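Secondary and tertiary structure notes
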Amino acid sequence: MFIVRSFAALFGLKHLVSKLARAVFEMGVRCMPIIFTVGCFTGLIIGLQAYRTLARFGSESSLGSTVALSLVNGLAPVLAALMIVGQAGSALAAELGIQRNSEQIDAIETMGVNPLGYFIAPRLIASLVVFPMHTALFDIVGLIGGYVSGVLLLGQQSGVYWQTVHDALKPSNVGGGLVKSLIFGFAVTAICAFEGYNTHRRSSEAGARGVSQSTTRAVVYSSIAVLALDYLITSVQR
């Protein structure tokens, strides 16, 4: 009901484009450094561990496909979502919680503006843009990280690595990862927004402690939701 009411409040909302641009900047641009860093180290780790494992069976040539499949439809959507939750999701919950406690949301409502459309709906729409882009960035950086581990550090041939990456990546794999990112993004943004918006109802204490409680719940519930949804989506994908 919270999500439905938020989208219903979009009708008649002014300056929607500017609010969307700000939401995309907050969730997208500001999270790029952490996505780049985690994606790089994830690729490095997968490349190192996969090479050592494959070398035991004489299958080092499969390193590229192993890294690609591990990232694109598995780790990249999940880790990208968790990183955005840790940075942008917690900030969203805290911001809304402070606005609720300081009665800014009540003031917006008093002026005849629906706060759900003003604060929540643009962020939900922005999540559908930001999360797939960050997942794609994570994929690219992770593949480069695997290249550094497997080719530059461990001596595999560059052409073999990229050829196996090309052979392993099918449209269904890439599409499956992007679908996951869409679902993760919408779910975690809705959870973080709900917890922050309802701080006054769901926290046992007022003030800063209440905001702290709502922010903590938002991060924990969002992280659990990502992992649970990943299992459900993976179980139905073919």
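Just above sits the structure.
Below you will find a few notes about this structure. (Residues numbered from 1 in each chain as written. Predicted model: local features only at pLDDT ≥ 70, side-chain atom pairs only at ≥ 80, totals over all residues. Heavy atoms only, no water.)

A word on the packing of helix α6 (residues 115-153) against helix α7 (residues 158-168)
When two helices pack together, their arrangement is given by the angle between the helix axes and the distance between those axes. As a reminder, the rule being used: An axis is simply a line fitted to the C-alpha atoms; with a helix, the fit covers only the stretch in contact. Between two such axes, the angle follows the N-to-C directions and lies from 0 to 180 degrees. Only runs of H or I of at least four residues qualify as helices and only runs of E of at least two qualify as strands under DSSP, and these elements are numbered from the N terminus. Crossings are classed by handedness, with left-handed meaning an anticlockwise turn of the near helix from the far one by less than a right angle and right-handed meaning a clockwise turn. Only heavy atoms matter for contacts: two residues are in contact if any of them lie within 4.5 Å across the pair. Residue classes follow a fixed rule: Ala, Val, Leu, Ile, Met, Phe, Trp, Tyr, Cys and Pro count as nonpolar, while Asp, Glu, Lys and Arg count as charged, and any other residue, Gly among them, counts as polar.
Interhelical geometry of α6 versus α7 gives an angle of 145 degrees and a closest axis separation of 10 Å. Judged by the twist between their axes, the crossing of α6 over α7 is right-handed. Contacts between α6 and α7 pair L143, G146, Y147 and V151 from the former with S158, Y161, W162 and V165 from the latter. The residue inventory of the contact of α6 with α7, partitioned by class, reads six nonpolar, two polar and no charged.

Let's talk about the pattern of salt bridges
Test applied: Within this document, salt bridges are pairs made up of a side-chain nitrogen of Lys or Arg and a carboxyl oxygen of Asp or Glu, the two lying within 4 Å of each other. Summary of the burial criterion: residues with accessible area below 20% of their type's maximum are buried, those above 50% are exposed, and those between are partly exposed, where the area comes from a 1.4 Å probe applied to protein chains only.
Counted according to the given criterion, the structure contains six salt bridges. Taking the shortest distance from any N to any O, the salt bridge between R100 and D106 comes out at 3.1 Å. Taking relative accessible area as the criterion, R100 reaches 10% and is therefore assigned buried. With a relative accessible area of 32%, D106 lands in the partly exposed category. For D230, the salt bridge is made with K180, and the minimal N-O distance between the two is 2.9 Å. Of the two residues, D230 sits in helix α10 (residues 208-236) while K180 sits in helix α8 (residues 171-197), which places them 50 residues apart along the sequence. For the pair formed by D230 and K180, the shared burial category is buried.

Geometric values such as these leave the question of function open.
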